[in-house]
Amino acid sequence: MNKSVTTKRDCIRPAGRIGGLSRFHSMRTGVTNPLLLFSVVSIGLLVILMLLLPGNDASRVAGERSDELFMYCAAGMRRPVEEIAAMYEREYNVRIRLQYGGSNTLLSQIKVSRVGDLYLAADTSYLKLAADEGLVAEIVPIATMSAILCVPQGNPQNVQSIDDLLRDDVRVALGNPDQTAIGKTVRQALQSLGKWETLESHVRETGVFKPTVNDVANDIKLGSIDAGVLWDSVAAQYPEIEAIGDQVESLGSVDIAIGILTSCEQPSEALHFVRYLTASDRGLPVFERMGYRPVQGDDWAEVPELTFYAGAINRRALEPILQEFSEREGVEINTVYNGCGILTAQMRATSQDHVDDFPDAFMACDKYYLNTVAELFQDAIDISHANIGILVAEGNPKGIRDLADLAQPGIRVVLGQAEQCTIGVLSQRLLKSVGIYEQVLQENVVSQTTSSALLVPSITTGSADATLAYETDALAEQNKVDFIKVDSPLARAVQPYGIARASKQKQLSKRLQTAIAGSQEQFETAGFGWQSQQSGSASNGLDPQATSRPQPEALP
């Protein structure tokens, strides 16, 4: 990636591979040195002895360095997950220890045990429940699947519809709705059709409820029952099973996702595997080959890089969030802070011929500048807002009270440059709203800056008497300046975050959006007001196909 627009000062780069990821490169087979082998064995015996000593903390350290991840996995995903886990172990020598069961059964186990690293559910509703109870930190989408009516090959009982499941001569197997995602989905679908209670009674009398979707599939395969409901992806894995008609609309579809548990002691390693599992060129082709409909995944990279453009106003709030995110995810974030006019001009210049140089995400100082490149972004959400007011030297020596005073003779004014930064555009709009923009520009403006970050120094150095600036920027110099609020609905900038349509790391960019949108305290500490409706760090990232974006807004 071309870093020509990124300065060292403007980049947040992890010192190296974060968490346990640095050792992945070293796990390669080769010729064994006998002396080295003896040394390794000796050290290993010493570690074991240390672990056996009572009260020794070595056991905790050893746990942090474990080459194993523990994953709860919905039974219907067994075949693709086992194949991907084996691929991952061969490549990185990290074992994925898998425990299968119905999605709800696994969730109950997680609630009780409070141990483990990952939870893959056959329906995101279980992950949302887990997130609401503080059991899941991040949620990453994988694929979708649909519930369909299935019978043994040849359909010996001539089952043609859901209504046929009620016949006395048809034995039915369903997933237990209190244990499995498939059972829950069928119950919800048939309740809406007014058929659930009758079918439930019939199954209890002549059929069977099973604890996993795989158990239902095996009963159909063996012919021990005459019909059942499976995920289309599970049915595709059994040549002995036949699907009946198109039941997608009547029985419903679900999203599959994986969550990183809050009990995970090695989140960087867990996220490394999750990125592998959901990569467009690693795990997702396995899901697709086995009948699942995968989401648009990211390209695989051991240490992904995100290029993130951010308006200068956001810097104080963003930097600690980005640092924490990069360390947890084990990724690099190349952040470019500047005036939004400059940033969007760079985007338009690179979007045509240099897609690889285009940022993965953009957080503007105000929606105005994201709107100017709206066709290049998706999934935009509002994060925060900042008040705009008049900034003067401490004590307000010129006695400035409102916008009209900026037009008084002899008042030296500095403004942001409208073509280069958001504060310039919003200042222009404010001054035009009271009819003094041209007068102030021609008679009192002594300079114009390319970034909001340059406005406060113009006051603290005495080179100007007043400027229009963000209240957040004034906080750093609050002992040297006074901030005069402007009573106007136009005196507010709203900061949105959008994901580039051209990004090859959309899922990672979505998780960064989620992390930022879950950082209310950090933004409020930096002087921002809060806009995001997101209530928690795991509540987003579940709609990878969304294409909502702001609409262009014209200046008055």
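Source: prediction; values computed, not measured.

### Some remarks on the confidence of the model for the chain
Low pLDDT marks regions whose predicted coordinates should not be analysed in detail. The pLDDT averaged across the chain works out to 85; a share of 82% of its residues lies at or above 70. Within the chain, strand E13 (residues 361–363) carries the highest mean pLDDT (98), whereas helix H2 (residues 58–64) carries the lowest (36). The low-confidence segment residues 1–65, where pLDDT is below 50, has 75 contacts with residues more than four positions distant or belonging to other chains.

### Considering the packing of aromatic side chains
Throughout the structure, instances matching the rule amount to 15 aromatic pairs. Aromatic pair Phe358 and Phe377: ring centres 5.7 Å apart, planes at 40°, arrangement tilted. Note that Phe358 is positioned in the loop between helix H14 (340–350) and E13 and Phe377 in strand E14 (residues 377–393), a separation of 19 residues in sequence. A connected cluster of aromatic rings, assembled from ring pairs, spans Tyr88, Tyr92, Phe273, Tyr276 and Trp300.

### Re the environment of Ala310
Residue position: Ala310 is located in strand E11 (residues 305–311). When its relative accessible area of 0% is taken as the criterion, Ala310 is described as buried. Residues Ala310 and Gly339, 29 residues apart in the sequence, show an inter-C-alpha distance of 8.4 Å. When neighbours within four sequence positions are excluded, Ala310 is seen to be in contact with Leu318, Val336, Tyr337, Asn338, Leu343 and Met363.

### Section: the pairing of E11
The buried count for E11 comes to six of seven residues, which makes it a mostly enclosed element. A crossover links E11 with its parallel partner strand E12 (residues 332–338), the connecting element being helix H13 (residues 315–329), and its sense is right-handed. Sheet topology note: the E11/E13 ladder contains three bridges and is parallel. Bridge pairing links Phe308 to Ala361 in E13.

### Focus: the pattern of salt bridges
Inspection of the entire model under this criterion finds 22 salt bridges. A salt bridge links Asp405 to Arg401; its shortest N-O distance comes to 3.5 Å.

### Quick look at the nonpolar core
Residues Met77, Tyr119 and Trp231 are the most contacted members of the largest nonpolar core, which totals 91 residues. In terms of residue count, strand E4 (residues 136–152) provides more of this core than any other element does, eleven residues in total. When residues no more than four places from it in sequence are discounted, the contact partners of Tyr119 are Tyr72, Ser103, Leu106, Leu107, Ile110, Tyr126, Leu127, Ala257, Ile258, Gly259 and Leu261. Among the nonpolar cores identified, the runner-up in size contains 80 residues, and Val373, Ala466, Leu468 and Ala474 belong to it.

### A closer look at the environment of Glu200
Tracing the backbone through its elements, the reader meets Glu200 in helix H7 (residues 196–206). For the pair formed by Glu200 and Leu174, sequence separation is 26 residues and the distance between their alpha carbons is 9.2 Å.

### So, the side chain of Asp164
Here Asp164 lies in the loop between E4 and strand E5 (172–175). Classification of Asp164 as buried rests on a relative accessible area of 16%. Among the polar contacts listed, one links the side chain of Asp164 to the backbone nitrogen of Gln160, at a separation of 2.7 Å.

### Quick word on helix H16 (residues 422–433)
With twelve residues, H16 should cover 16 Å at 1.5 Å per step; its first-to-last C-alpha distance of 17 Å lies within 8% of that length. The complete set of buried residues in H16 reads Thr422, Ile423, Gly424, Val425, Leu426, Ser427, Gln428, Arg429, Leu430 and Leu431. Gly435 sits one or two residues past H16 and shows a positive phi near 75°.

### Structural notes on the packing of helix H11 (residues 267–277) against H13
Put simply, H11 and H13 touch, their axes get as near as 7 Å, and they point 70° apart. Our classification of the angle between H11 and H13 gives roughly perpendicular. Contacts between H11 and H13 involve Pro267, Ser268, Leu271 and Arg275 from the former and Glu327, Arg328 and Glu329 from the latter. Taken together, the residues of the contact of H11 with H13 sort by class into two nonpolar, one polar and four charged.

### So, unusual backbone geometry
With phi around 55°, Asn158 is a residue other than glycine that occupies positive phi space. Looking at the secondary structure, you find Asn158 in the loop between E4 and E5. If you check the backbone angles, Asp379 has positive phi at about 55° while not being a glycine. Within the secondary structure, Asp379 is located in strand E14. Overall, the relative accessible area of 3% leaves Asp379 in the buried class.

### Focus on the side chain of Ser146
Note on placement: Ser146 falls in strand E4. Within the structure, the side chain of Ser146 is placed 2.6 Å from the side chain of Ser253, a separation counted as a polar contact. Engagement of the side chain of Ser146 in a polar contact is seen with the side chain of Arg293, the distance being 2.8 Å.

Quick notes on the rules
- Residues numbered from 1 in each chain as written.
- Predicted model: local features only at pLDDT ≥ 70, side-chain atom pairs only at ≥ 80, totals over all residues.
- Heavy atoms only, no water.
- pLDDT = per-residue confidence, 0-100.
- Helix = DSSP H or I, 4+ residues; strand = E, 2+ residues; numbered from the N terminus.
- Contact = heavy atoms within 4.5 Å.
- Phe/Tyr/Trp six-rings, centres within 6.5 Å; stacked < 30°, edge-to-face > 60°.
- Buried < 20%, exposed > 50% of the residue type's maximum accessible area, 1.4 Å probe, protein only.
- Right-handed = clockwise from strand over helix to strand, strands pointing away.
- Pairing = 2+ DSSP bridges.
- Salt bridge = Lys/Arg side-chain N within 4 Å of Asp/Glu carboxyl O.
- Core = buried A, V, L, I, M, F, W, Y, C linked by side-chain atoms within 4.5 Å.
- Polar contact = N/O pair within 3.5 Å; in protein donor to acceptor, adjacent residues only side chain to side chain.
- Expected span 1.5 Å × (residues − 1).
- Axes fitted to C-alpha atoms, helices over the stretch in contact; angles between N-to-C directions.
- Parallel < 35°, antiparallel > 145°, perpendicular 65-115°, else oblique.
- Nonpolar A, V, L, I, M, F, W, Y, C, P; charged D, E, K, R; others polar.

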